[in-house]
Every structure is written in structure tokens, then in C-alpha cells.
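Inside the fold
Residue-level listing of the chains:
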Amino acid sequence: MGALLTAVPELSGQTSVHNAHPEAPPEDQIYMSSIQHEQSGDWYYLRGVAKVETTEFLVTADEIDYNSDTHWAYARGHVKFEHFADGEKLNADHCEYNLKAEEGKFYVVDGTSPAKVMNSPGLLTTTNPFYFQSLWAERLKDRYILHKGFVTDCNIPKPWWTFSAPLFDIVPGERAIGHGTIFRLKNIPVFYLPLFYRPLGKNDRQSGFLTPNIGNSSRLGFMVGLGYYWAINRSYDMTLIGQYFTSRGPAENFNFRGKPNNATDFNFQLYAVQDLQGQDLGTGYLPVLQPNGTTVYQPYTIYQHQGGEQFEGTFRTAFDGFTGLVDYNYLSSYLFRESFTQNFATAINSEVDSTGFLQRHFDQDTYVLNFVMQRTQFFESATPQDDVTIQKLPSVEFSSRDQQVLDSPLPVWVSFTSSGGLMNREEPIIYNGVSTVGNINTANSVPRIDVEPRVSTEFKYKGFSLTPSLNFGATQYGDSWGTNSYAPNYGSGTICLSGSTEINCPFANSNYSFSNGGIFRHDIDFSADLRLPTLEKIYTPPKWLHMGAKLKHVIEAQATYDYITGIHNFDRIIHFDSTDLLADTNQVKLSLTNRVYKKEKNGSVSEVFTWSVAQERYFDPTFGGAVQPYQRNVIFESEELTPFAFLNGPRSYSPVVSIMRFYPVRYFSIEWRTDYDPMFSQFVDRTLGVSFRASKYFVNVGQNEINAPIYPGLVTPGTAVTAPTLLTPLTSLLTPKANQVSFSGGFGNTNRRGWNAGASTIYDYVAQEPLYEEAQVSYNSDCCGFSGEYRRFNFGTRHENQFLFSFALANIGTFGSMRKQDRIF
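Residues numbered from 1 in each chain as written. Predicted model: local features only at pLDDT ≥ 70, side-chain atom pairs only at ≥ 80, totals over all residues. Heavy atoms only, no water.

Turning our eyes to something else, we now look at the overall build of the chain. Looking only at helices and strands, the chain has 3 helices and 48 strands in total. Expressed as a percentage of contacts within the chain between residues at least 6 apart in sequence, the contacts between residues at least 24 apart total 52%. (Helix = DSSP H or I, 4+ residues; strand = E, 2+ residues; numbered from the N terminus. Contact = heavy atoms within 4.5 Å.)

The structure is reproduced here in C-alpha cells:
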């Protein structure tokens, strides 16, 4: 076997800058080798395992003729071409290629380009190279023109899918464009694309039409949609998706986002539906007067139009030491969200929050200045105008974290919080559980100024720790409730009984008035936090438990005493947020926490078990008169203990709150929270979550139960009674009874080859029917995936069955109606 090494200075004129192959020759030389070779002037004739190699590429063939003057090489038989930097590899029957210009033609060619794995969540990916094949191809510097060929991500020779076209324009490492493309699935033509674009490089943002989405719904009809993505420039892009529901009308989804600089970004999203037909609510009867004077009731179909809009805009920035955020959300009606949102968790969410702040920290984060705007809207039902809106427009907050002002055996820390803003609250008037005409509105704004300085210290002795603190609060309100704001208005002859005893009727919230005058609230809050010495013990667990090398059991006991006085006008304070829920109290909270830590042989430590039990004892059962009998009371002290309401009147102790978390191994966890009320000898609230995931299998089980106490013998507020037999019991004065169980399970994931399946359901034991059901089955090959999904919504005004599907091309995208955020995988 012979070998030639020759210098070709002209090749140094190449302008491409690439990373050379480790064994490649220098930039101004080429390597030529073969079993037999001849030279005649400028011509080199290589025969048998012929090879020509430069810094950037390698050509091998049975025969190669090379002219060192023109730099043209002619290769025949089992031609292979490899470009080191871009990574593409070609096979051809024969080719003609100019080594200096890096241009040439390849005949009966196939090749590969390295895979561009997209990192988008939920997108099917593959490491298969991008494969192309054509009758002949041209290489022009850094691009290929394929004639009468196809491209695919699938394994050859029997690909699942191909895009075939008379012409492809490919830039390895960047993109591939097909003109007049036909998509084939198992060699069967499926659809035609005038233009096909496939990113191959790091920048996968390219303007173009998105793959269509189609599906079917029992309420909406046949669904079809098409979108366009506009990559405006490196900093901005826009997406517009139009969809049409054959039984209801058109819908639009618009998204515009940008990042003007490293410190600023924004994102605007709009979803709207024009409900042209509305939902069929049944048959109504319209009275029609006949010529003979009689009335005929003409039947007609009642349609409820449920269209609307929801908008979210976020904006973040930072400048001159300030950081800012605006997150604005708008929802035209809860009926629209309930009817058209495709995600169950979003569809049942009746709260809309908007917030914005501009914040700056001073003196190494000792002081914080905030300019805040906030708007919260609670939709009580799908009925129009049945919502509560609370706004801060705007509020200025200035606070200081704890600063040590006395460093001695008795240290002293001081801190403060302060705020001033304009508040607004608007809500409908509710009478006997029915929304009446009119609403409560605090007018444009209610000024509120709040200042709370705090001083604290700490005593420590042999494991005991006592932290007392004193807080002084002063709050000025620009308006308040009038002294007669909650006067009952049931009418003459109205009686409210408890058993056989006549009582004052509970408040009906029927008469509201404002004092048109300010009110000043001042309070003193003393608290003392006592922590007992921690008890610890170390165990060596048996190996079969797989609980590490060592286990440590820790017991922590804590008692907190709180005394607040000075708030004598709780019933006149308008409630905007937690600041206004503060009430007088004299109480102690006792808690006991068990923790178990495990230590592995490598020294890593993790907490595997936590169980905390707490209860509060109230020495002032009415909380200074803030808690009224036979109604739901919400105050700050109860909200701190548990999110479940339990104050239905004066009481001396709280429920026992138990919170347990168990994480024995990384693939299994249990979280259980329950409130046991000794006053009624029952568990009143319970939440449970169990999660298991191992290998390709996963199971999640959850329960949320509210079992608030019932008061037999108490008539509904405002109900007139003439005899005890007419008494109707209230189901609850706190929260309506609820018991919902959720389950999800399956095997597989987004990228797993073969079959994957999963299902989830949420069952309501009170309604004795499922609220939501979902089942999904998918199959993934080496380069594509098929998914089908069934979903059923059954809550409120929405009773709907949906059948969805999608076809995914690995590293490219999906076609169909299943959105990635709504999938089980």
C-alpha cells in the first residue's frame, strides 16, 4: 500500500473556521493514500481504498482522480464523505468535488447529520441522526441541495415516517427546508406541506405555521385549529393560534413575549372564545297571545352563552438596585373558565390574583422598601356579578428585619413593619344564600396606615429557650362599618330556635352601611415562645428496612403564649387582608414534633419522618367580642393554626391539628393532615396524599374531606316558623361538607419506547359521582409516537366528553389536539 503527502498552499484560502479532526493534516496540506497510485503532471490516480483528507473533511472511494491545479477530485465506487466539524456523513455511488471551493455533486446519495435533541418539556426526543436520501445532491460550501429525495429521524431501512420532496435545502447543524413536501407514514401518503422546516442547530426559533390540532367534544363539537409562530428577532416572538368548535364558535390563543435586555422580560397571553350558539339548557315556554284571546305557550330552546376572555401579562425588570414584577390576570367570568378551560385544576379555580411590586433592599438587606399594587377576585359562583373583589391601589411598605441593639447575656433585637395604602372592597349582598340586587362597595378607596414596631429578647439555660417579644400596633382606617351594619331584617313573625329555645337570629348580612368616618385601632401584642430541651436517640436499623446505616429520633416540645389587647372595634373594621383580621386574644399553643433522620454510609443525612401535633387553649372564648355565636368567624389567630375554619362561636380550645410526613425512600412518600375537634368528638378535616414511583410505574392517591359539625334544631336564618315541626336544620355554619378522592396511576413516560398508559380520576363522595376522568394510551417508536386520550368533565354547568389524539415526530413537534400541559405523561 502506498501513501502520498503533499502541500497545497492554495487550500489556505478557505474561509471556513472549524474544529479540525485530531488526526487531520495541517490547514495547508492534504493526505492522499491508496493501495496503488500514479501521478501524471497535476493528476493523481488513486486505486484501491483510495483516500483524500484535509483539515475539514475526508473522502474515501474505490477510485479517486485528483487534480492539484484545479483542486477537483472525482471519486467512484463506495464513495464516503465525512465533514469533521458539522458531523455530516454521506454515501454515494460517485461524486465530483472541489477541495478548495468545498463544492461538488454526489449521485445516488444518502447521509446523516447529528441529531438536534430539543429540550422542550413533554416533547418526544430521539438521539437518532437526521437521515436523508436523494437521487443526487449538490454541496455548496456549507449546505446541501437534495433532488428527489426524503428526510427522516427514523432508523433505516424501514423508517416509520418520511418527508419526501423534489427539492430539499439542508444546512447541517442549522436547518432543513423542503419544498412541495409529502409526509408519509409507513410509506402511505398522509398530508401535503407546501413548505417544511426542520431546525438542526442550536437556534430552533424559526417563523412558520404550526402543526394543526384536531379533536372532538360532546359539548363543543369537532375541534380544528391552526397556528403561526413569528420569530420577530432574537429578543421577541409571537404565537397566534386560531381554533374553531363546530357546535360553539371560534377561539383565539395569542402569546407575545420578549426579553429586551438581560434584566427585563415580559409575556402576554390571551385566550378568548366567541360562543355563537351557547350551551343547550333545555326547553322553555314563551306565552303567545292568540287572536281569540287565549294564551298558548310556545316551546323554545334555552341557550346560555358562555364565551369570554382571560388574559395574563407578566413583566419583570431590575434597575438602579430595584427589582420589579407585574403579574396581571383578567377573567371575564367564572362561567367562561368553567366551560372552556381544558385543564381540570384551572377550570375549578375560582380565584384570580393580580399583583405588582417594585422592591429595593438597603443596608445589606436590613431594610426593605416595597411599592405594591394588588387585586384579588373571588368568584362565588358562575352567576354574573357574584364575586368579591379586593384591591390595593397602591400600597407602600417599609420594614426592617431583626437588628441586635444590645449584645449581652440578655440580647435585645428590634424590628418593625409599616404600610400605607388605598384599599377597596366590593361584593354582592347575600340574603338567605341568594344574591340580591345591589352590592357592597367601599367607594373608590379607603386609606389605611399601619405601623408595628417590635422588640424581642431571648433566654437560654441548659437546653431551655424562652423568646419573649412585644409588638405595638397602630392602624388608621379612612372608613369603617356603621354601628348598624349587620342588623337582621327578617320581617315580622320571624323566629330562630335552637332546640326549643328561642335565640337571636344569626346575622343575614342584609343591611350594610359605612360610617363615612375613620377609625383608629391600636393594640399591644405580647408573645413568649418556650422550647424545651430536645430529646434524641440513635438507633441502628436492621438491614432489611433499607433505612440507612443510622437512624436518629428527635422529639421537640414547644409552647407559645400570645396576649393581644386593645382591639375593641373588630366588628367595625372592613376586612381587606390578614392585617384586618387581628383580634384580642389570651391564648397558649402547645405543640409536639417527632422527627426521624437517617444517615447513609456515605455520610449524607436526610429527614424521613415528621409528625407534628398542636392545639390552642383560649382563655378569652369570644376573642374580645370578635367571635359571634351561630356563624362562621374568621380571625387571624385561627388562620395561623389551620386553613380550615372552626370558629362557629365562642370556644375555649381549638381542634387538635396533626401533620405527618413520611419519606422512607426516594420513590415513596405519604403526607397526612387531619384536624380532630374534641368539642364534637370527630375528625372535622382531613387531607391525605400517597405517592409511589419506581422504574416505569407510578401511583398517586389523595383525599380531601371536610366534615364540619351540624347543628340540628337551628332554623335557616330568616325562615319564619309557626310550629316546631317546621324547623329545618343547618347543614353547617362553617364549610359545606366535602369528600373527594383522587387517583392517578400508570406506567411509562414521554420518551419511553413501546407502550405507555395512565389514568386519573377525581370522585366526589358527597355528590356520589366522578368530577373528572382521564385515560391516556401512547406508543413510541424510535422516532415517533401515537397518543390517544379520553377526558370527562362533570361539574357545575360542564358535562362533557372529549376524545383527543396526537402524533409526535421526535425532535420536531406534535400534530393533534392533545396539549403537553394536559397529558398524563
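There is more to say after this.
Taken as a whole, this structure holds 1 disulfide when the rule is applied. Residue Cys-154 pairs covalently with Cys-783 via a disulfide, S to S 1.8 Å. Here the disulfide of Cys-154 and Cys-783 is right-handed, its torsion about the S-S bond being about 80°. Linking Cys-154 in the loop between strand S10 (143-152) and strand S11 (161-171) with Cys-783 in the loop between strand S45 (769-780) and strand S46 (784-795), this pair joins segments that are 629 residues apart in sequence. Given a relative accessible area of 0%, Cys-783 falls into the buried group. Its sulfur unpaired, Cys-784 is 4.3 Å from the next cysteine sulfur, which belongs to Cys-783. (Disulfide = S-S within 2.5 Å. Buried < 20%, exposed > 50% of the residue type's maximum accessible area, 1.4 Å probe, protein only.)

Residue placement: Asp-562 occurs in strand S36 (residues 550-565). Buried and without a salt bridge, Asp-562 has Lys-589 as its closest oppositely charged side chain, separated by 8.1 Å. (Lys, Arg positive; Asp, Glu negative; His and termini not counted. Salt bridge = Lys/Arg side-chain N within 4 Å of Asp/Glu carboxyl O.)

A separate point is the environment of Phe-191. By the element assignment, Phe-191 lies in strand S13 (residues 188-199). The exposure class assigned to Phe-191 is partly exposed, which follows from its relative accessible area of 30%. When the C-alpha positions of Phe-191 and Thr-181 are compared, they lie 8.7 Å apart, and in sequence the two are 10 residues distant. Residues within four places of Phe-191 in sequence aside, it is in contact with Thr-181, Ile-182 and Phe-183.

Moving on, we get to the nonpolar core. Ranked by size, the top nonpolar core spans 41 residues in total, and within it Ile-64 and Ile-170 carry the most contacts. Tyr-271, Val-273, Leu-331 and Tyr-334 belong to the second-largest nonpolar core, a separate cluster that totals 14 residues. (Core = buried A, V, L, I, M, F, W, Y, C linked by side-chain atoms within 4.5 Å.)

The next point concerns the pattern of salt bridges. Counted according to the given criterion, the structure contains 26 salt bridges. Note that Arg-316 is salt-bridged to Asp-265, the shortest N-O span being 3.4 Å. Highlighted residues: Arg-316 in strand S22 (residues 308-319) and Asp-265 in strand S19 (residues 264-273), separated in sequence by 51 residues. The exposure class assigned to Arg-316 is partly exposed, which follows from its relative accessible area of 42%. Of the residues examined, Asp-265 reaches a relative accessible area of 22% and is grouped as partly exposed. A salt bridge links Arg-686 to Glu-705; its shortest N-O distance comes to 2.2 Å. Taken together, the residues span a long stretch of sequence, with Arg-686 in strand S41 (residues 682-694) and Glu-705 in strand S42 (residues 697-706) at a distance of 19 residues. Residues joined in a network through salt bridges with shared partners are Arg-47, Glu-63, Asp-65 and Arg-76.

Turning our attention to unusual backbone geometry. Glycine aside, residues mostly have negative phi, and peptide bonds are mostly found in the trans state. Put simply, Ile-156 and Pro-157 share a cis peptide bond, and its omega is 25°. Topologically, Pro-157 is positioned in the loop between S10 and S11. Cis rather than trans, the peptide bond between Leu-393 and Pro-394 has omega equal to -15°. Counting through the fold element by element, Pro-394 comes out in strand S26 (residues 387-406).

Looking at the chain, the pLDDT average stands at 84 and 86% of residues meet or exceed 70. Within the model, pLDDT remains below 50 along residues 1-19, and this stretch shows 50 contacts once partners closer than five positions in the same chain are excluded. Long-range and interchain partners of residues 485-511, a stretch whose pLDDT sits below 50, account for 64 contacts in this model, where long-range means more than four residues apart. (pLDDT = per-residue confidence, 0-100.)

For the structure on display, the rule yields 48 aromatic pairs. With a centroid separation of 5.0 Å and an interplanar angle of 15°, the aromatic rings of Phe-183 and Phe-191 are classed as stacked. Of the residues examined, Phe-183 reaches a relative accessible area of 2% and is grouped as buried. Ring pairs connect the aromatic residues Trp-160, Trp-161, Phe-163, Phe-183, Phe-191, Phe-196, Trp-755, Tyr-779, Phe-786 and Phe-807, which therefore count as one cluster. (Phe/Tyr/Trp six-rings, centres within 6.5 Å; stacked < 30°, edge-to-face > 60°.)

Now for empty space enclosed by the protein. Applying the stated criterion to the full structure yields 2 cavities of 30 Å³ or more. Estimated volume of the second largest cavity: approximately 40 Å³. Considering the residues around the second largest cavity, the lining is formed by Val-59, Ala-73, Tyr-74, Ala-75, Cys-95, Tyr-97 and Leu-99. Sorting the residues of the lining of the second largest cavity by element identifies strand S6 (72-83) and strand S7 (89-98) as the ones contributing at least two each. When residues of the lining of the second largest cavity are assigned to their parent elements, the largest contribution, 3 residues, is made by S6. Within the lining of the second largest cavity, the residues separate by chemical class into 7 nonpolar, no polar and no charged. (1 Å grid on protein atoms, 1.4 Å probe; cavity = no way out; pocket = protein on both sides within 12 Å on 5 of 7 lines; lining within 4 Å. Points joined across faces, edges and corners; volume = space filled by probe spheres on them. Nonpolar A, V, L, I, M, F, W, Y, C, P; charged D, E, K, R; others polar.)

Right, let's talk about the pairing of strand S37 (residues 585-599) for a bit. Bridge count for S36 against S37 is 15 bridges, and the pairing is antiparallel. Bridge pairing links Ile-564 to Thr-585 in S37. Bridge count between S37 and strand S38 (residues 605-618): 13 bridges; the pairing is antiparallel. Bridging across to S38, Asn-594 finds its partner in Trp-611. What sits between the antiparallel neighbours S37 and S38 is a turn of 5 residues, in which Gly-603 has the positive phi angle 95°. (Pairing = 2+ DSSP bridges.)

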